[in-house]
Amino acid sequence: MPSRAKNVAYFAVPILFALALHWPGLTAWFQKDDFAWLGLRGLIHNWHDFWWALFAPLAQGTIRTLSERIFFLSFTTAFGMHALPFRCWAFLTFAGSLTLASLVCTKLTGSRAAGFWTAILWTANTGVAVALSWTAVYYELLCSFVLLLSLWFLLRYVETGERRFYAAQLVTFILGFFVLELNVVYPALATAYALCCARHILRKILPLFGISALYTAIHMAAVRLPASGSYKMYWDLSMASTLGTYWKWAMGPSKLIFFHIYPSPWRSSLTVFLSLGLAGFLIWKLRRRQWVAAFFPAWFLIVLGPLLPLRNHIDDSYLTIPTIGLAMWGAWALLSGWRAGAVGRIVSVLLLAIYLCVSIPVTRVISASFHDGSRQIRTVVLGVAAFSRKQPGKIVLLKGVDWEMFWSAVYDRPFRLFDVREVLVLPEDAPGILKGPQLGDSQPFFANSAAAKEALERGQAMVLDVSGGQVRDITAEYSVSVGIH
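Residues numbered from 1 in each chain as written. Predicted model: local features only at pLDDT ≥ 70, side-chain atom pairs only at ≥ 80, totals over all residues. Heavy atoms only, no water.

A.B. asks: Now, about the overall build of the protein: what can you tell me, with residues and values included?
C.D. replies: Within the protein, the regular secondary structure consists of 21 helices and 4 strands. Over its C-alpha atoms the protein spans a radius of gyration of 25 Å, differing by no more than 12% from the 23 Å that the globule rule assigns to 485 residues. When the backbone C-alpha atoms are referred to their principal axes, the protein occupies close to 85 × 55 × 50 Å. Contacts spanning at least 24 positions in sequence make up 75% of the contacts within the protein whose residues lie at least 6 apart. Summed over all atoms, the accessible surface of the protein reaches about 22,100 Å², with 64% contributed by carbon and sulfur. Averaging the locations of the 41 positively and 25 negatively charged side chains of the protein gives two centres separated by 17 Å. (Helix = DSSP H or I, 4+ residues; strand = E, 2+ residues; numbered from the N terminus. Rg over C-alpha atoms; globule rule 2.2 N^0.38 Å. Contact = heavy atoms within 4.5 Å. Areas by Shrake-Rupley, 256 points an atom, 1.4 Å probe, with all protein chains shown as cover. Lys, Arg positive; Asp, Glu negative; His and termini not counted. Charge placed at Lys NZ, Arg CZ, Asp CG, Glu CD.)

A.B. asks: For the sheet that holds strand 1 (residues 395-399), give the residues involved together with the corresponding values.
C.D. replies: Here we have 4 strands laid out as an open sheet, ordered 2-1-3-4, and mixed in their pairing. Of all the strands in the sheet, the pair left with one neighbour each is strand 2 (423-425) and strand 4 (472-473). In terms of strand pairing, strand 3 (residues 461-465) meets strand 4 through 2 bridges, oriented antiparallel. Bridge pairing links Asp-465 to Arg-472 in strand 4. Each of strand 1, strand 3 and strand 4 touches helix 17 (residues 342-390); the most contacted strand, strand 3, lies at about 150° to it. Here helix 20 (residues 449-457) sits on the sheet in contact with strand 1 and strand 3, set at roughly 110° to strand 3. (Pairing = 2+ DSSP bridges. Axes fitted to C-alpha atoms, helices over the stretch in contact; angles between N-to-C directions.)

A.B. asks: Describe the nonpolar core, with residues and values.
C.D. replies: Grouped together as the largest cluster of nonpolar side chains are 144 residues, with contacts concentrated most on Trp-299 and Leu-398. If you tally residues by element for this core, the top one is helix 9 (residues 138-160), at 15 residues. Sequence-distant contacts of Leu-398, that is, excluding residues within four places in its chain, are made with Val-384, Val-410, Phe-415, Val-423, Leu-424, Val-425, Leu-426, Asp-429, Leu-464 and Val-466. Grouped together as the second largest cluster of nonpolar side chains are 12 residues, Ala-447, Leu-456, Ala-461 and Ile-474 included. (Core = buried A, V, L, I, M, F, W, Y, C linked by side-chain atoms within 4.5 Å. Buried < 20%, exposed > 50% of the residue type's maximum accessible area, 1.4 Å probe, protein only.)

A.B. asks: Let's hear about the side chain of Thr-172: which residues, and what values?
C.D. replies: Checked against the element boundaries, Thr-172 lands in helix 10 (residues 163-176). We classify Thr-172 as buried; its relative accessible area is 10%. Here Gln-169 takes part through its backbone oxygen, which lies 3.0 Å from a polar atom of the side chain of Thr-172. If near-sequence neighbours (up to four positions away) are discounted, Thr-172 is found in contact with Val-146, Leu-149, Ser-150 and Phe-153. (Polar contact = N/O pair within 3.5 Å; in protein donor to acceptor, adjacent residues only side chain to side chain.)

Here it is as structure tokens:
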């Protein structure tokens, strides 16, 4: 291929692969926490409200000004309740991160092919699927971009000695604190890189720790850590178990549960085989004093470290950033094995086949599940809004709400975004909803039986059946069933 065509393919192929693989998620509608952030604009009435919306601790005490507040405020102002612009911007951010991951890996390993395969392996990883399907976790994509960009500037500083690259790194690093709290780990990443490849810049990295420490102190003063619930942190041996869970998820075979392939020696052997391949490559490189190989597992551990105490909140989306290190690790192992002779090629191809043949189908299923679930939510939310507009002022009583629909749609009050204020779930649906893990106080969402019956008798309420993801007005038949004639 001509040189220009190679350059285009080098960046374009992984992006096109990501577009094809994650297409269902990229066309998903809003769901869950999205509705809370979509309603943020409606809370702003003056400058005081505006600054509160940008910087007040919200959602477990987080202050993600760029990745949540400004993102949702600007896009709801420009596009309203249309999800596609949100999804397009998320994908463009990921495309930028793919490009940076390729460039960083190329710089670290000296191999453009390794950079190319880094983008492919990261795209295929199941941990990325959630971030590319759910608008509310856009912060994972933007934080990936910021960390990679900061590291890229550091690499350029080491390569050229030009202070402008160090200054640019400092700017992106500071901006990262307005994206995600996980940005505090960047000095540790920079130190790991320096120890492996450029020890002469270690003293240049020390000020970065000071900035992270200052941010941590300010954040701890402004936000109180949860003392209970799923976000309570446990600094004990359970962290090792949590790390093991994330490792198995990152490898992929444990996710075959989506295809009803349950734990078995055969399934576990796939994870072991992939793990041994990475470990063997790492030992081989370290014995040859190619210390940069240690940076890749260090990335995984450093980025994942602050999340390990959350033993009650282990989430797929948390793997979005850590798996960048695994992708670089795997890509360099793949290329090194390919160049090591016939046996190396066989092992490399086999490991690649296992990873892709597991990760691609699982990633597609996760992406499709978010798409299909969000479309059902869209039908219910817009359907309820349409019925309410026909009978304005009436209380809306929902019937047929299951656990998934309640926590994915009703709980975050999406109906208020369409000026439907009073929406309650009939009490007979409560047992099926409350039997699952409790994500918060759900009692205010359920109607009182006597009050609901009285509202129906006075013609002040309507009953909508939302079972199966469709919306039907069953006010008349429900009224008869409860003795109203």
